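# Examining the three-dimensional arrangement
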Amino acid sequence: MDNLTENLQGTANTAQAEEGKSVAADLGKFKDVQALLNAYNNLEAEFTRRSQRLKELEERSNLTPPAQAANGGDSAAEISEAELYGKASQSAAVKDRIIGDYLKTVSQNKGAPYVTGGVLVATPRLKPASIREAGALAAELFKQ
């Protein structure tokens, strides 16, 4: 039992000694614990001020969309379609760009879309049986 008590006392004394060494080593550039505490409190206060400033800036940026700031106050949501058309139609460069974009999209869609769910209807091919019928068929085609 005495051996156990001595081991516990020895462990406690070692922990206290190590704690004293580690505190002195961990203070770094600070003279004492009070100087470290003061520096920490100053740092915490500065962090709080910067966090509040960041929050204010984020709230302002949410209130003022980038489009509104760039256009000097007019956002795309506030401009009506008629006003937008009027502004766009005054510029030849804007017209050319819109027409070019439209022609690109039209040329990409080269064919008509397939109708799904429909049934193909076969029509009989017109084959003339004689030269007289061929002439009549050709005359019909040229009339149209």
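The rules behind these values
Residues numbered from 1 in each chain as written. Predicted model: local features only at pLDDT ≥ 70, side-chain atom pairs only at ≥ 80, totals over all residues. Heavy atoms only, no water. Helix = DSSP H or I, 4+ residues; strand = E, 2+ residues; numbered from the N terminus. Buried < 20%, exposed > 50% of the residue type's maximum accessible area, 1.4 Å probe, protein only. Areas by Shrake-Rupley, 256 points an atom, 1.4 Å probe, with all protein chains shown as cover. Salt bridge = Lys/Arg side-chain N within 4 Å of Asp/Glu carboxyl O. Contact = heavy atoms within 4.5 Å. Patch = residues over 30% accessible without salt bridge, like charges linked within 9 Å, V, L, I, M, F, W, Y side chains within 5 Å.

## Comments concerning the overall build of the protein chain
- In terms of helices and strands, the protein chain carries six helices and zero strands.
- Moving toward the C terminus, one meets the helices and strands of the protein chain in the order α-α-α-α-α-α.
- In the protein chain, buried positions account for 2% of the 144 residues.
- For the protein chain, the exposed surface amounts to about 13700 Å²; the carbon and sulfur share of it is 58%.

## Some words on the pattern of salt bridges
- Here the structure, examined in full by the defined rule, presents three salt bridges.
- The salt bridge partner of Glu-46 is Arg-49, with a shortest N-O separation of 2.7 Å. With Glu-46 and Arg-49 both in helix H2 (residues 33-63) and three residues apart, this pair spans about one turn of that helix.
- Judged by its relative accessible area of 47%, Arg-49 falls in the partly exposed class.
- Residues Glu-46 and Arg-50 are paired through a salt bridge, measuring 2.9 Å at the closest nitrogen-oxygen approach. Taken together, the residues Glu-46 and Arg-50, both in helix H2 and four residues apart, mark about one turn of the helix.
- Judged by its relative accessible area of 29%, Glu-46 is partly exposed.
- Here Arg-50 falls in the exposed class, since its relative accessible area comes to 58%.
- Salt bridges linked by common partners bring Glu-46, Arg-49 and Arg-50 together as one network.

## Focus: the environment of Lys-95
- Within the secondary structure layout, Lys-95 lies in helix H5 (residues 92-108).
- When its relative accessible area of 41% is taken as the criterion, Lys-95 is described as partly exposed.
- Other than its neighbours up to four places away in sequence, Lys-95 contacts Ala-88 and Ser-89.

## Here we look at a nonpolar patch on the surface
- A contiguous nonpolar patch, built from Ile-99, Tyr-102, Leu-103 and Val-106 and spanning about 410 Å² of accessible area, is present on the exposed surface.
- In this structure, Tyr-102 sits in helix H5.

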